[in-house]
Amino acid sequence: MVFAAVDRSLEEGRTQVSRIVGRDTSQLTAQEVRTAALETLAENLSDGVIAPLFWFCLLGIPGIMTYKMINTLDSMIGYKNERYKDFGCWAAHIDDVANYIPARLTGLLMVMAAGKPSLIKFVTKYGKCHASPNSGYPEAALAGILDCRFGGPHSYFGEMVYKPFIGTTERIFTLGDATKAIRINILSEYMMTGIILVVHLLPVIL
């Protein structure tokens, strides 16, 4: 929807992407709008789908509910700025711990879904470049799959944040990139669901 909107008009694209990202979108270029959509698509695959399923697999309903409370708190106040620095940092740190394994698992699932296990080394290299200890892994996976570059300077609440670049190929994104990224996300979700079914059904079968 973001890609379709920005193809119609830049302002419409900025408005559409502002619904799914935390950065200031008012000055984004068309390329930056598309980049923001792809970055958040990868990150939210981990935070919004794989991580909850991971904690459900381990601890059931209490696990998924606890994780979602932690992740929501981080989304609301986990920012390094004047307003949130005194208490938001704890929400961010707890979320970092909860997402440590799921984020890396997400990167692995994505490259396997793309049929490119050779990208594991790429993901390991660039996943560590992100300011977040976790977000870089799914973003690096998508950057490798799309052969592109993420990161760079972004404005959050009026403050400029410089994110390290992930990947090396700087190119213009197209609707085909969004379609491919969505397909990878869906396949990764199916794979994670399959893992959960195996984990829970195997003891019953045996």
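Before reading on, note that the structure itself is shown above.
Residues numbered from 1 in each chain as written. Predicted model: local features only at pLDDT ≥ 70, side-chain atom pairs only at ≥ 80, totals over all residues. Heavy atoms only, no water.

Peer 1: Describe in detail helix α7 (residues 175-205), supporting the description with residues and values.
Peer 2: In an α-helix, one full turn covers 3.6 residues, which means residues spaced three or four apart are oriented alike. In this model α7 runs 44 Å from its N-terminal to its C-terminal C-alpha over 31 residues, within 8% of the 45 Å that 1.5 Å per residue would give. Listed in full, the buried residues belonging to α7 are Asp 177, Ala 178, Ala 181, Ile 184, Asn 185, Ser 188, Met 192 and Ile 196. (Helix = DSSP H or I, 4+ residues; strand = E, 2+ residues; numbered from the N terminus. Expected span 1.5 Å × (residues − 1). Buried < 20%, exposed > 50% of the residue type's maximum accessible area, 1.4 Å probe, protein only.)

Peer 1: So what's going on with the side chain of Arg 14? Which residues, and what values?
Peer 2: Turning to its location among the elements, Arg 14 is positioned in helix α2 (residues 10-17). Those residues within four positions of Arg 14 in sequence are excluded, and the remaining contacts are Thr 25, Ser 26, Gln 27, Leu 28 and Val 33. (Contact = heavy atoms within 4.5 Å.)

Peer 1: Go over the pattern of salt bridges with me, naming the residues and quoting the values.
Peer 2: The tally for this structure, following the rule as stated, stands at six salt bridges. Across the salt bridge formed by Arg 34 and Asp 7, the nearest N and O atoms sit 2.9 Å from each other. Of this pair, Arg 34 sits in helix α3 (residues 30-77) while Asp 7 sits in helix α1 (residues 2-8), and the two are 27 residues apart along the sequence. Glu 170 is the salt-bridge partner of Arg 149, the closest N and O atoms lying 3.2 Å from each other. One end of the pair, Arg 149, is in the loop between α6 (136-146) and β1 (150-156); the other, Glu 170, is in the loop between β2 (159-166) and α7, and 21 residues separate them in sequence. (Salt bridge = Lys/Arg side-chain N within 4 Å of Asp/Glu carboxyl O.)

Peer 1: An account of the packing of aromatic side chains is needed here, citing residue identities and associated values.
Peer 2: For the structure on display, the rule yields three aromatic pairs. For the pair Phe 122 and Tyr 126, a centre-to-centre distance of 4.7 Å together with 40° between the ring planes defines the contact as tilted. Linking Phe 122 with Tyr 126, this pair stays in helix α5 (residues 120-127), spanning four residues, or about one helical turn. Judged by relative accessible area, Phe 122 falls into the partly exposed class, the value being 22%. Arranged with centres 6.0 Å apart and planes meeting at 35°, the rings of Phe 150 and Phe 173 form a pair that is tilted. Of this pair, Phe 150 sits in strand β1 while Phe 173 sits in the loop between β2 and α7; the two residues are 23 residues apart in sequence, bridging distant segments of the chain. Looking at Phe 150, the relative accessible area reads 1%, which means it is buried. (Phe/Tyr/Trp six-rings, centres within 6.5 Å; stacked < 30°, edge-to-face > 60°.)

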